[in-house]
Amino acid sequence: MSPPTSRLEKVKKIFKIFDVNRDGGLNREEMAALVVAVNPRVKFSDEQINAILDEVFKTYNQFIDGNNGLTHVGLLKTYDDGAGDVDRDFDALGLYLNDDDGEECEHESVNVNDEEMVVESVKKLRGADHEIVYDDTWKIVDKLEVLVKRLKESKGNDGVPKGRNFSFDGFSDNGWFRDVGVSTEICEKRVNWEECGSGYDVFVKELGELRGRVDGGKSRSEAFDGHMAMGRVLYENRLFKDGYVSFKRACELEPADVRAHFRAGNCLYVVGKRREAKDEFLVALEAAEGRGNEWGYMLPQIHVNLGIVLEGEGLVIAACEHYREAAILCPTHFRALKLLGSALFGVGEYKAAVKALEEAIYMKHDYADAHCDLASALHGLGDDENAIKEFQKAIDLKPGHMDALYNLGGLYMDIHRYQRACEMYTRVLGVWPNHWRAQLNKAVSLLGAGETEDAKKALKEALKMTNRVELHDAIAHINLLQKKKLKGNGAGNMEESFVTVEPSKFKMVGKNTTSSKELASVIDVRSFQRVTRLSCCDVDLIKKEMKISYAPAFYSSSGVPGKPIRKASLEEILCRLLSFLKPETFVGAVKAINQKILSVLDETESGRVDLGMFFAVIAPMCSGPAERRKRVAFDALAWRSVNQYSTQIKKVDALSYIKVLRAIYMSSYGVDEMLEIHGEADFSLISLTEFIKMFDDTDRGFGIMSTLLKHETGDRNRHGKHACAICRYPIIGSRFKEMKSHFTLCSKCYSEGKVPPNSKKEEYRFKEYASESDSMKDRCLCFRVHSKASSPVDPP
């Protein structure tokens, strides 16, 4: 190891050589030149260089001198911390020390990298960054930078950004690839342009003249080089619309150049034109894949950005495919793995999400966003202890991490640690005071902690932020709890609020009363319909999709027909069926469908499902008359075969369909052995009438269909001031009245078999009222019967 004096002199000499502009600091270009120069045998990618520089500038932030970069003391600190070996780097650069005074030796060997060589390497690095080929292009770039500087001065750096605020870093980073080479992240830019005013108008005029000079170049390649360089400068200065114009012109000059389409797509995405951005990325992807290895280095970036655009449109399963492809092409791509894990979590595939996110964290230990999403995935798997640790790691790395704080609050709520949940939501509100969901959850956590008065205040604050009916109900519920002084269920010596009895003890009065077991399945189905919005989708749209969707017929070895299709392609069909949904709502619908339906249809996890069976399974969930839904399901099963317009289907196919239907929507009933196919399968043909008979079978078919229809039309009915005897919430939907004890239950408590503890019996007799008018009619009828029975008997 070098003596202290020589060590200091070596660091000083290295710093002096690479501080090309003599400003007393190593900026990103100079630092990148140093990293490349001291590792001559290593071929760094742009992403690797960026990652190294990000780590250095973050770790040694206190030694960064403004825009000048890392100071001499900071470089010395990196060597002291073991980030580099000063002797090795000194030798790699071919440098020597003067033994007498430590100054530079005048006679260095032929391999010495003198200052001129370093300056030239920095220029080459800058050229590689901008990919500028012609010297005249540099003149255009210099002129453009002057125009941008003049525009900046006219705006005074106080313009108001339109759309997304890139400087706010409280949320998870989406891993967006801003560009190909070494560039500063958009979120680090502090200049916000307001595209209006005289200053901007002058800028646009002068920019147009500059573009005219570029188009007047000597050749097409020179013009292309100029427009690409202009687009890059405009993009880096957040003039995205103007940058897009330059990149689009470059696309016209060189239609097969991948970079032009990729960067044009970046500009379109940033300004909110996702569909147009997707088209540009698809063109870039096709061009890159069609040119062999020439553009191979860009493929991971294209896949990542295309995946982000698709995810923005709600097509999360399709996005997963592109993230996965990027990770395959570049196994060290920790952002692609993080995005893959996040997307897999978004569609409910928690185990796969955990695996991808753990790999991302293995490559980048301080990746706060990956820790946050890993925690969410672990919570989805029920591993709450490790989930809390991961959330805490994310918060330690980024104290104002909104997603981590909010989701950790939700986890604490789920495990009934209400005080800790309240603390998390308070921290969220400290960062985002108008976050009404955090305010509402804070109120609920306060209520769980027994702080009723504070909960009411928090609810009223949430009500000021959003006037939603649920908040009115919640406030009414709290008031009712205070009046009734309801105590917790089975908590110490406190009085129990309910007891749960066997379903067999619930007897039904009247033919219109639903059994608790059947109601439990219907409530689950109705919840699924609300999340997916399938109940708002006309069942006839499935018929239209069967006409336009192409999937080749396929017969398995056992003779079962089908039309297998990739999940990503199925997602596009769902997007058309649910075109009325916003992207973020559509993502929730896809997650529910993937967890409830696709997980059953794709038991082997092949990534493909039978499209005909899928159509048949969702048909009963869509809107439309019951008979029409059954007809569409029948047609979908017929559509699976080669003779897709047949008026008959095989009985074995109908039995398989009903078995799948019950497994998905009636899982609480268990597997019915009567549906198991034993011995030889029945390949006889059945008509629509026979199929409907099988479908409506109460014991072996989808017998809950009639009850589902009843609740589709009536589960929003309110029953005046009637409240459930168990949960104390106002009753919405069907009301179940116990005819002897006269207590009333809501649908959910009735389906769960809950009764008041002071009403324990061997048997309970319930009558269902779909609406308050039904209750009124019943009371009037009882009054008439009692009146007639109490009247005197007429004399003969």
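Not measured: the values here are computed from a predicted model.

Analysis parameters
- Residues numbered from 1 in each chain as written.
- Predicted model: local features only at pLDDT ≥ 70, side-chain atom pairs only at ≥ 80, totals over all residues.
- Heavy atoms only, no water.
- Helix = DSSP H or I, 4+ residues; strand = E, 2+ residues; numbered from the N terminus.
- Buried < 20%, exposed > 50% of the residue type's maximum accessible area, 1.4 Å probe, protein only.
- Contact = heavy atoms within 4.5 Å.
- Areas by Shrake-Rupley, 256 points an atom, 1.4 Å probe, with all protein chains shown as cover.
- Salt bridge = Lys/Arg side-chain N within 4 Å of Asp/Glu carboxyl O.
- Expected span 1.5 Å × (residues − 1).
- Pairing = 2+ DSSP bridges.
- Phe/Tyr/Trp six-rings, centres within 6.5 Å; stacked < 30°, edge-to-face > 60°.
- Lys NZ or Arg CZ within 6 Å of the ring centre and 35° of its normal.
- Axes fitted to C-alpha atoms, helices over the stretch in contact; angles between N-to-C directions.
- Parallel < 35°, antiparallel > 145°, perpendicular 65-115°, else oblique.
- Left-handed = near helix turned anticlockwise from the far one by under 90°.
- Nonpolar A, V, L, I, M, F, W, Y, C, P; charged D, E, K, R; others polar.
- Core = buried A, V, L, I, M, F, W, Y, C linked by side-chain atoms within 4.5 Å.
- Disulfide = S-S within 2.5 Å.
- UniProt positions renumbered as here; feature names shortened; annotations may be inferred.
- pLDDT = per-residue confidence, 0-100.

A. Structural context of the overall build of the chain. Secondary structure assignment for the chain yields 34 helices and 16 strands. Here the chain holds 796 residues, and 47% of them are scored as buried. Summarising the internal contacts of the chain: among those between residues at least 6 apart in sequence, 65% fall at separations of at least 24. Per element, the accessible surface of the chain, about 40100 Å² overall, is 52% carbon and sulfur.

B. The pattern of salt bridges, seen in detail. Counted according to the given criterion, the structure contains 34 salt bridges. The partner of Asp-366 in a salt bridge is Lys-364, and the shortest N-O contact between them spans 3.3 Å. You can call Lys-364 partly exposed: its relative accessible area is 24%. Its salt-bridge partner being Lys-630, residue Glu-627 comes within 3.3 Å of it at the nearest N-O pair. Of this pair, Glu-627 and Lys-630 both sit in helix α29 (residues 626-639), separated by 3 residues, roughly a single helical turn. Of the residues examined, Glu-627 reaches a relative accessible area of 46% and is grouped as partly exposed. Overall, Lys-630 belongs to the buried group, its relative accessible area being 5%.

C. A look at helix α12 (residues 274-289). Over its 16 residues, α12 extends 22 Å from the first C-alpha to the last, a length consistent with the 22 Å expected when each residue adds 1.5 Å. Taken residue by residue, α12 has Ala-277, Lys-278, Glu-280, Phe-281, Ala-284, Leu-285, Ala-287 and Ala-288 as its buried positions. Among the structural elements, α10 (240-253), α11 (258-270), α13 (299-312) and α14 (316-329) are those in contact with the buried residues of α12.

D. Seen up close, the sheet that holds strand β16 (residues 764-769). If you walk across this open sheet you meet the 4 strands as β4-β16-β13-β14, and the pairing is mixed. The sheet terminates laterally at β4 (506-508) and β14 (744-745), the two strands that pair on one side only.

E. Representation of the packing of aromatic side chains. Scanning all chains against the criterion turns up 24 aromatic pairs. Judged by centre distance (5.5 Å) and plane angle (70 degrees), the rings of Tyr-235 and Phe-240 are edge-to-face. By the burial criterion, Tyr-235 is buried, and Phe-240 matches it. Taking the centre distance of 6.1 Å and the plane angle of 45 degrees together, the rings of Phe-691 and Phe-695 count as tilted. Here the residue Phe-691 and the residue Phe-695 both occupy positions in helix α31 (residues 688-696), the gap between them amounting to 4 residues, near one helical turn. An aromatic cluster of at least three residues, connected via ring pairs, comprises Phe-528, Phe-634, Tyr-657, Tyr-665, Phe-691, Phe-695 and Phe-702. Directly above the ring of Trp-639 sits Lys-563, whose terminal nitrogen or CZ lies 3.9 Å from the centroid.

F. Structural context of the environment of Thr-137. Mapped onto the secondary structure, Thr-137 falls in helix α7 (residues 135-155). Expressed as a C-alpha distance, the spacing of Thr-137 and Met-228, which sit 91 residues apart in the sequence, is 9.6 Å. Apart from the residues lying within four places of it in its own chain, the contact partners of Thr-137 are Ile-132, Glu-222, Asp-225, Gly-226 and Ala-229.

G. Structural context of the packing of helix α25 (residues 540-548) against α29. Where α25 meets α29, the axes come as close as 9 Å, and the angle between the chain directions of the two elements is 15 degrees. Considered as vectors, α25 and α29 are oriented roughly parallel to each other. When you trace α25 past α29, the crossing you get is left-handed. Residue-level contacts link Asp-540, Ile-542, Lys-543 and Met-546 of α25 to Arg-628, Val-632, Asp-635, Ala-636 and Trp-639 of α29. Here the contact of α25 with α29 is composed, by residue class, of 5 nonpolar, no polar and 4 charged.

H. Region of the structure containing the side chain of Thr-513. Secondary-structure assignment places Thr-513 in the loop between β4 and α24 (516-532). For Thr-513, the residues in contact, after removing those within four places along its chain, are Met-508, Phe-736, Tyr-750, Phe-766, Lys-767 and Glu-768.

I. Here's a closer look at the nonpolar core. By size, the foremost hydrophobic cluster in this structure holds 160 residues, and its most contacted members are Ile-597, Phe-614, Phe-615, Tyr-657, Tyr-665 and Phe-691. Counting 26 residues, the second-largest nonpolar core is a separate cluster that includes Val-11, Ile-17, Phe-63 and Leu-70.

J. Expanded view of the state of the cysteines. Going through the model one piece at a time under the given rule, you end up with 0 disulfides. Looking at the unpaired Cys-537, the closest cysteine sulfur is the one in Cys-622, lying at 4.3 Å. The class for Cys-537 is buried, based on a relative accessible area of 1%. With no disulfide of its own, Cys-727 lies closest to Cys-724 among cysteine sulfurs, the gap being 3.8 Å.

K. View of the UniProt feature "repeat: TPR" (unreviewed entry) in the chain. Per the UniProt record, "repeat: TPR" (unreviewed entry) is found at residues 334-367, 368-401 and 402-435. Within the segment residues 368-401, helix and strand shares are 82% and 0% respectively, and the terminal C-alpha atoms sit 8 Å apart.

L. Spotlight on the side chain of Glu-280. Of note, Glu-280 is situated in helix α12. On the basis of relative accessibility, which here comes to 7%, the residue Glu-280 falls in the buried class. Those residues in contact with Glu-280, other than ones at most four positions away along the chain, are Tyr-244, Lys-248, Cys-251, His-261, Ala-264, Gly-265 and Leu-268.

M. Representation of the pairing of β16 within the structure. One ladder, built from 3 bridges, connects β4 with β16; its direction is parallel. Its bridge partner lying in β16, Phe-506 is registered against Tyr-764. Here strand β13 (residues 735-738) runs beside β16; their pairing, made up of 4 bridges, is antiparallel. Across the sheet, Glu-738 pairs through a bridge with Phe-766, a residue of β16.

N. Spatial organisation of the environment of Val-431. By the secondary structure assignment, Val-431 is in helix α20 (residues 418-431). Linking Val-431 and Met-402, residues 29 residues apart in sequence, is a C-alpha distance of 7.7 Å.

O. The pairing of β13, seen in detail. Sheet topology note: the β13/β14 ladder contains 2 bridges and is antiparallel. Paired with Phe-736 across the strands is Leu-745, a residue of β14.

P. Spotlight on the confidence of the model for the chain. Averaged over every residue, the pLDDT of the chain is 82; residues scoring 70 or more account for 81%. Per-residue pLDDT stays below 50 along residues 178-192; that stretch engages in 50 contacts with residues further than four places along the chain or on separate chains. Note that pLDDT drops below 50 for residues 791-796; the model gives that stretch 0 contacts with residues more than four away or on any other chain.

Q. Looking closely at the packing of helix α28 (residues 611-618) against α29. At their nearest, the axes of α28 and α29 sit 8 Å apart, and the two run at 175 degrees to each other. As the angle between them shows, α28 and α29 are arranged roughly antiparallel. Counting all contacts with α28, which are made through Leu-611, Gly-612, Met-613, Phe-615 and Ala-616, the residues of α29 involved are Ala-633, Ala-636, Leu-637 and Trp-639. Here the residues of the contact of α28 with α29 sort into 8 nonpolar, 1 polar and no charged.

R. Quick look at helix α17 (residues 368-381). End to end, α17 covers 20 Å across 14 residues, agreeing with the expected 20 Å (1.5 Å per residue, within 8%). Across the 14 residues of α17, 11 count as buried, placing the element largely inside the fold. Among the residues of α17, Ala-368, Asp-369, Ala-370, His-371, Cys-372, Asp-373, Leu-374, Ala-375, Ser-376, Ala-377 and Leu-378 are the ones counted as buried. Where α17 is buried, its residues touch α15 (334-346), α16 (350-363), α18 (384-397) and α19 (402-414).

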